[in-house]
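Single-letter residue listing:
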Amino acid sequence: MWFRSLTYVGLLVSGLAAGLAAVAPAAAQEPDRIFDKSTVWRPLTPNDKLVVYGIDDPAVSGVACWYTQPEKGGIKGTLGLAEDVSDISLACRQTGPVAFKGKLSQGEVVFSERRSLIFKSMQIVRGCDARRNTLIYMVYSDKVIQGSPKNSTSAVPLAPWGTEPAPKCADALK
């Protein structure tokens, strides 16, 4: 009888993972690993680290974001079984002339990645503050059952670049 319960649990987890894969947006790009800094020394396994990654906004050329997240070392971290904590910081900047590649939605996912084997993910979402002509980026983590109140926000005021005038983010909204 116990094996039947395990089978049901396995089917539930498989179905849940498949449903999450269908609902969660696919990452448009792999982030660039910029550098890391060890925070906890571990004698025979990799150390715990803070790692800085960079990504370009896939729908807005001329804007990039960098985020720092902790990565667990040790045996669980090495095997990919450790659940990473939700402490993620974010900074986004204009890196060139801004051009919108299509219409934008408020709260649209820019980047997403799993933070644990099945249940937790990290998301970077974007919005437009039309009154201030500023793109707003927020990073947060969520779980299947509940989200995390830990988040970070970064703002990118749209400015002229060289001879290019600053576009209006309100014009790119759906």
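Quick look at the structure, then. Here the residue index of a chain counts from 1 through its sequence in written order. Local features are withheld for residues below a pLDDT of 70 in this predicted model, meaning they are given only at 70 or higher, and side-chain atom pairs are given and counted only at 80 or more; totals for whole chains, interfaces and linings count all residues. Hydrogens and water are ignored here; the side-chain numbers use all heavy atoms of the structure.

A short note on the packing of aromatic side chains
Aromatic ring pairs: the centre-centre distance and the angle between the two ring planes describe each pair.
For step 1, the next point in the chain: Any Phe, Tyr or Trp ring, taking Trp's six-membered ring, that has another such ring centre within 6.5 Å forms a pair; planes under 30 degrees apart are called stacked, those over 60 apart edge-to-face, and the others tilted. Overall, the coordinates contain two aromatic pairs when judged by the stated rule.
For step 2, the next point in the chain: Measuring from ring centre to ring centre gives 5.4 Å for Tyr-53 and Tyr-67, while their planes differ by 25 degrees; the resulting arrangement is stacked. Pair noted here: Tyr-53 is in strand 2 (residues 48-56) and Tyr-67 is in strand 3 (residues 60-71), with a separation of 14 residues, a long-range link. For the residue pair Tyr-53 and Tyr-67, the accessibility class agrees, reading buried in each case.
For step 3, the next point in the chain: Judged by centre distance (5.9 Å) and plane angle (35 degrees), the rings of Tyr-67 and Phe-111 are tilted. Helix and strand definitions here come from DSSP, where helices need a minimum of 4 consecutive H or I residues and strands a minimum of 2 consecutive E residues; each element is numbered from the N-terminal end. Think of it in three bands: with a 1.4 Å probe and only protein chains considered, a residue is buried below 20% of the maximum accessible area for its type, exposed above 50%, and partly exposed in between.

Here's the deal with the sheet that holds strand 1 (residues 32-40)
Within a sheet, adjacent strands bond to each other through the backbone by hydrogen bonds, running parallel or antiparallel.
For step 1, the next point in the chain: When DSSP locates at least two bridges between a pair of strands, those strands are taken to pair. Spatial strand order, 1-2-3-4: four strands in an open sheet with antiparallel pairing. Lying at the two open borders of the sheet, with one neighbouring strand each, are strand 1 and strand 4 (89-100). Taking the axes of each pair of neighbouring strands and ignoring which way they run, one obtains an average angle of 15 degrees across the sheet.
For step 2, the next point in the chain: Judged from the seven bridges that link them, strand 1 and strand 2 form a sheet pairing that is antiparallel. When the sheet's bridge partners are listed, Val-40 is paired in strand 2 with Asp-48. Working convention: axes come from line fits to C-alpha atoms, limited for helices to the stretch in contact. Angles between N-to-C directions cover 0 to 180 degrees.

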